[in-house]
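Breakdown of the fold
So the chains spell out like this:
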Amino acid sequence: VDEDIDAAELLALDAVRFVPAVIQPFKAGRATAPAADRLAMTERLVAGVPGFSADATETDRSGLSFTVETLAAIADSSPGAELVLLLGADAFRLFDQWREPGRIRQLASLAVLVRRGGGDVMPDAGAGAGVQLLQTRRVDISSTELRARVASGRTIRGFVPDAVADYIAVRRLYR
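Described in the following lines is the structure provided in the data block. Predicted, not measured: the structure shown is a model, and the values here were computed from it. (Residues numbered from 1 in each chain as written. Predicted model: local features only at pLDDT ≥ 70, side-chain atom pairs only at ≥ 80, totals over all residues. Heavy atoms only, no water.)

A closer look at the nonpolar core
Stated formally: We call a set of buried Ala, Val, Leu, Ile, Met, Phe, Trp, Tyr and Cys residues a nonpolar core when their side-chain atoms join them within 4.5 Å. For every residue, the accessible area obtained with a 1.4 Å probe (protein chains only) is divided by the maximum for its type, and the residue is called buried under 20%, exposed over 50%, and partly exposed between those limits. For helices the rule is a DSSP run of H or I covering at least 4 residues; for strands it is a run of E covering at least 2, with both sets numbered from the N terminus onward.
Ranked by internal contacts, the top residues of the largest apolar core, which has 17 residues, are Leu-85, Phe-92, Ile-104 and Leu-110. Of all the secondary structure elements, the ones that give two or more residues to this core are α3 (67-77), β3 (83-88), α4 (89-92) and β4 (108-115). If one sorts the elements of this core by residue count, β4 sits on top with 4 residues. Core analysis: the second largest hydrophobic core is formed by 13 residues, Ala-33, Ile-141, Val-150 and Leu-173 among them.

Some remarks on the packing of aromatic side chains
Rules: Ring pairs are drawn from Phe, Tyr and Trp, using the six-membered ring of Trp, whenever the two centres fall within 6.5 Å, and their geometry is named by plane angle: stacked under 30 degrees, edge-to-face over 60, tilted for the rest. Lysine NZ or arginine CZ positioned within 6 Å of the ring centre and within 35 degrees of the ring normal marks a charge as sitting over the ring.
Scanning the model with the defined rule gives 3 aromatic pairs in all. Here the aromatic rings of Phe-18 and Phe-52 are separated by 5.4 Å at their centres, their planes lie at 45°, and the arrangement is tilted. Remark: Phe-52 occurs in strand β2 (residues 52-54) and Phe-18 occurs in strand β1 (residues 16-18); sequence separation between them is 34 residues. Phe-52 matches Phe-18 in its accessibility class, with the two residues each being buried. Taking 5.9 Å as the distance between ring centres and 20° as the angle between the ring planes, the aromatic pair formed by Phe-92 and Phe-95 counts as stacked. Feature note: the residues Phe-92, Phe-95 and Trp-98 constitute an aromatic cluster, connected by ring pairs. Lying across the ring of Phe-66, Arg-99 places its NZ or CZ 3.7 Å from the centre.

Purely geometric stuff here, so don't read any function into it on its own.
Take a look at the structure:
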């Protein structure tokens, strides 16, 4: 959330929506928490942060989650809103493989979060028009590592808000 606060401030965004996927195409077949649980954790993550919200657009839809469909739905429900898609450098490296990347660029400008001192290397030609690169804080934890810590019985406190850690523990997720 810290790096998203940084991005929201740098881009002067009115609001930031966190949209958990039902099934992310590039992660299909991997073990994950059910979509309803990921939405609930996202709600806990952003609770109390002004302008931040969890968005159920994808969890309300069945099947694979495609960003282009989500952006189209948000654009339809918010006519005239200027949309900015925030994504990490790792996700942006695969952007050309996403469904309808050209249409995504028509629906929203792109802001790519690049971790300071973190080894995120952006190819020179990778950004292009309509893409803003934002330096952000390095976060030395990945979702894969968090799930591994939970599976091995190690704490995730200090890595995620207590409300999220408590939810994972009570629901016995990632075990």
